[in-house]
Amino acid sequence: MNIKLSLVENKDLQEFKKDMQEAFGFGALDGGYDFDISEEILPEAYIEKSLNTKGAAAYKAVGKFIWSTIESLYPMTKIWETVTPYFEKRNIHFYVNVCHFHIVEYFGAFNKADDEMFRFQKKMEY
């Protein structure tokens, strides 16, 4: 298997954001999420916030092999954290069942979140 893990560079950001929005849009349709087609499923502001979070890194690939590689690049990380929309069953499955994350928080109307999301954490044991 010849897979290359590459950081997203500034020149790639617009295409990366578009690809992310498209992937989450397909996930919304596949998950039966009822939304207005003009509704933005993953607003660019959310992507920007994630990319600009201290310590954040974005890569041009996904999957178990890639996740394991990322973990090996940051061996001193104590807690990994990510979020995904509530309707993204594929992502929820991947993070919980494949990568062994735990759902630690639900964002929705009860905590005045703009969108319904799950927050995941994976605590590393060294």
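Our subject in this report is the structure included herewith. It should be emphasised that the depicted structure is a prediction, and the values quoted were computed from it without experimental measurement. (Residues numbered from 1 in each chain as written. Predicted model: local features only at pLDDT ≥ 70, side-chain atom pairs only at ≥ 80, totals over all residues. Heavy atoms only, no water.)

## Observations concerning the side chain of glutamate 71
- The topology assignment puts glutamate 71 in helix H3 (residues 64-73).
- Within the local environment of glutamate 71, its side chain forms a polar contact with the side chain of lysine 122, the two groups lying 2.6 Å apart.
- Excluding residues that lie within four positions of it along the chain, glutamate 71 makes contacts with Trp80, Lys122 and Met124. (Helix = DSSP H or I, 4+ residues; strand = E, 2+ residues; numbered from the N terminus. Polar contact = N/O pair within 3.5 Å; in protein donor to acceptor, adjacent residues only side chain to side chain. Contact = heavy atoms within 4.5 Å.)

## So, the pattern of salt bridges
- This structure, assessed with the given rule, holds 7 salt bridges.
- The salt bridge partner of lysine 122 is glutamate 71, with a shortest N-O separation of 2.6 Å. Of the two residues, lysine 122 sits in strand E3 (residues 117-123) while glutamate 71 sits in helix H3, which places them 51 residues apart along the sequence.
- Taking the relative accessible area as the measure of exposure, lysine 122 reaches 11% and is therefore buried. (Salt bridge = Lys/Arg side-chain N within 4 Å of Asp/Glu carboxyl O. Buried < 20%, exposed > 50% of the residue type's maximum accessible area, 1.4 Å probe, protein only.)

## Considering a nonpolar patch on the surface
- Together, Leu7, Leu73 and Tyr74 give the surface a local cluster of nonpolar side chains, amounting to about 260 Å² of exposed area.
- Checked against the element boundaries, leucine 73 lands in helix H3.
- We classify leucine 73 as partly exposed; its relative accessible area is 47%. (Patch = residues over 30% accessible without salt bridge, like charges linked within 9 Å, V, L, I, M, F, W, Y side chains within 5 Å. Areas by Shrake-Rupley, 256 points an atom, 1.4 Å probe, with all protein chains shown as cover.)

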